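# Summary of structural features
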Amino acid sequence: MNAKTIEALNVIQKRVEIIDEKLQSDETMRDIKLMTELNKERSALEEMYSKYQEYKVLKNNFDEANYILKNEKDQELKQLAKVEILELEEKLEVVEKEIELLLLPKDPNDDKNVVFEIRGAAGGDEANIFAGDLFRLYTRYAEKNNWKIDILEESESTAGGFSQISFMVKGNNVYSKMKFESGSHRVQRVPKTESKGRIQTSTATVAVLPEISDLEIDIKQTDLRIDTYRSSGAGGQHVNTTDSAVRITHLPTGIVASSQDGRSQHDNKDKAMTMLRARVYEAELEKKQEQEANQRKNAVGTGARSEKIRTYNYPQNRVTDHRINLTLGKLDYVMEGNLDEIIDGLIKNHQKEMIAEQIENDN
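Everything in this summary refers to the structure shown in the same document. Keep in mind it's a predicted model, so treat the numbers as computed, not measured. One numbering rule holds for all chains: residues counted from 1, following each sequence as written. Restriction of local features to residues with pLDDT of at least 70 applies here, the model being predicted, together with a cutoff of 80 or more for giving and counting side-chain atom pairs; totals for whole chains, interfaces and linings are based on all residues. Values shown for side chains rest on all heavy atoms present in the structure; no hydrogens or waters enter the calculation.

### A short note on empty space enclosed by the protein
- As defined here, a cavity is a set of points on a 1 Å grid over the protein atoms alone where a 1.4 Å probe fits but cannot get out. A pocket is an open set with protein on both sides within 12 Å along at least five of seven lines, and residues line them when an atom is within 4 Å of a point. Grid points are joined across faces, edges and corners, and a volume is the space filled by probe spheres set on the points. Across all of its chains, the model carries one cavity of 30 Å³ or more by this definition.
- By volume, the largest cavity is sized at about 30 Å³.
- Lining of the largest cavity is provided by Phe116, Tyr138, Tyr141, Ala142, Trp147, Ile149, Phe167, Val169 and Met178.
- Counting from the N terminus, the helices are DSSP H or I runs at least four residues long and the strands are E runs at least two residues long. At the level of elements, α5 (125-144) and β3 (162-170) are the ones that each hand at least two residues to the lining of the largest cavity.
- Ranked by residues supplied to the lining of the largest cavity, first place goes to α5 with three residues.
- Polar here means any residue outside two lists: the nonpolar Ala, Val, Leu, Ile, Met, Phe, Trp, Tyr, Cys and Pro, and the charged Asp, Glu, Lys and Arg; Gly therefore counts as polar. For the lining of the largest cavity, the per-class residue count stands at nine nonpolar, no polar and no charged.

Here it is, written out as structure tokens:
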């Protein structure tokens with residue numbers, strides 16, 4: 001482990017020791033707010049602190065075994081030291097990699113809920129049907145993770161599926177897993193409407209946006225135009241004859257969000273604002289990224305809707321993620337919400353890219 005990493009770990013250890021000392025003081029015990037803040041900081045540092053203590057014990061044992069190997073004359077002890085060194089080398093390598101990952105910069109949005117937007121793109125009815133298939137895929141995946149789905153806005157297609165559907169996914173660390181789903185998803189299969197059995201290629205686009213609170217982005221009420229209108233659609237349970245549907249326009253950017261699937265005008269307004277905050281945040285982020293000429297483009301993709309990220313080939317029961325060159329011959333299994341193998345591969349690749357960038361910066 002390099003000196004810079006050890007230095008960073010020593011700073012963390014010192015901070016934990018200071019926190020532990022403060023938590024024992026009478027002054028802190030009388031201040032509930034301070035105690036809460038210190039405990040929260042201590043909890044955030046705990047995994048790194050514990051892993052560093054584990055590393056130090058292993059390193060100390062490794063150094064002792066090396067000393068015996070170099071200085072001990074008893075051949076039996078030297079042989080035992082050799083065996084121990086090999087075991088400790090393996091353990092040290094594992095712990096060092098774990099520390100390396102823990103030291104990577106954290107995405108501040110990783111623990112947030114997300115707003116999903118899926119749209120049928122190229123391919124007409126088949127694209128909309130595929131958008132519906134993707135919605136079902138993510139719904140199944142959410143169920144497996146004990147996450148909750150809340151529909152925000154939907155436009156059903158007459159042929160099936162959706163021309164557009166927006167929904168919230170709520171749960172633990174949703175964005176950390178789902179952020180890599182943004183982009184263009186391509187399907188290759190024989191459409192139900194195809195009489196001659198020809199394979200067609202269609203696409204649906206996915207955007208995954210972190211849920212943004214009103215404290216994180218400043219949207220002035222004077223910058224909003226709020227319109228109400230009568231719900232319409234394919235006869236869903238909340239379609240009614242009152243002006244309960246809400247459309248909100250952010251005047252400075254022209255960004256629009258609407259909802260008509262809530263149980264009341266108030267509910268629809270809340271849902272529309274949730275989408276609007278996420279979309280305005282995304283637009284501001286994209287603008288900032290464009291201005292940063294030297295911004296690194298992650299190997300896992302930029303998250304733009306136009307970027308082709310995955311192909312679902314039904315005739316060959318195959319799914320391919322183009323960003324990490326991963327192909328699985330079990331599309332039917334994946335479409336039942338079994339996305340972990342793909343998502344884990346994307347996360348590991350992202351971590352590898354971040355580590356490589358840090359090494360480059362250190363040099």
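On we go.
### Re the packing of helix α3 (residues 32-71) against helix α4 (residues 75-102)
- Lines fitted to C-alpha atoms define the axes, with helix axes restricted to the stretch in contact, and inter-axis angles between N-to-C directions lie between 0 and 180 degrees. Following both chains from N to C, one finds α3 and α4 inclined at 155°, their axes separated by 8 Å at the closest point. With respect to α4, the element α3 is oriented roughly antiparallel. Judged by the twist between their axes, the crossing of α3 over α4 is left-handed.
- Residue composition of the contact of α3 with α4, by class: 16 nonpolar, two polar and 11 charged. Put simply, angles under 35 degrees are roughly parallel, angles over 145 are roughly antiparallel, angles from 65 to 115 are roughly perpendicular, and the rest are oblique. Crossings are sorted by hand: turned counterclockwise from the far helix by less than a right angle, the near helix makes the crossing left-handed, and turned clockwise it makes it right-handed.

### Digging into the environment of Thr203
- Structurally, Thr203 is set in strand β5 (residues 200-210).
- Buried, partly exposed and exposed residues are distinguished by accessible area as a fraction of the type maximum, computed with a 1.4 Å probe on protein chains only: under 20%, between the cut-offs, and over 50%, respectively. Residue Thr203 is classed as buried on the basis of its relative accessible area, which comes to 17%.
- Sequence spacing of Thr203 and Ala127 is 76 residues, and the spatial spacing of their C-alpha atoms is 5.5 Å.
- The contacts of Thr203, once residues within four sequence positions are left out, are Gly120, Ala121, Ala122, Ala127, Phe130, Ser184, His185 and Arg186. We call two residues in contact whenever any of their non-hydrogen atoms come within 4.5 Å of each other.

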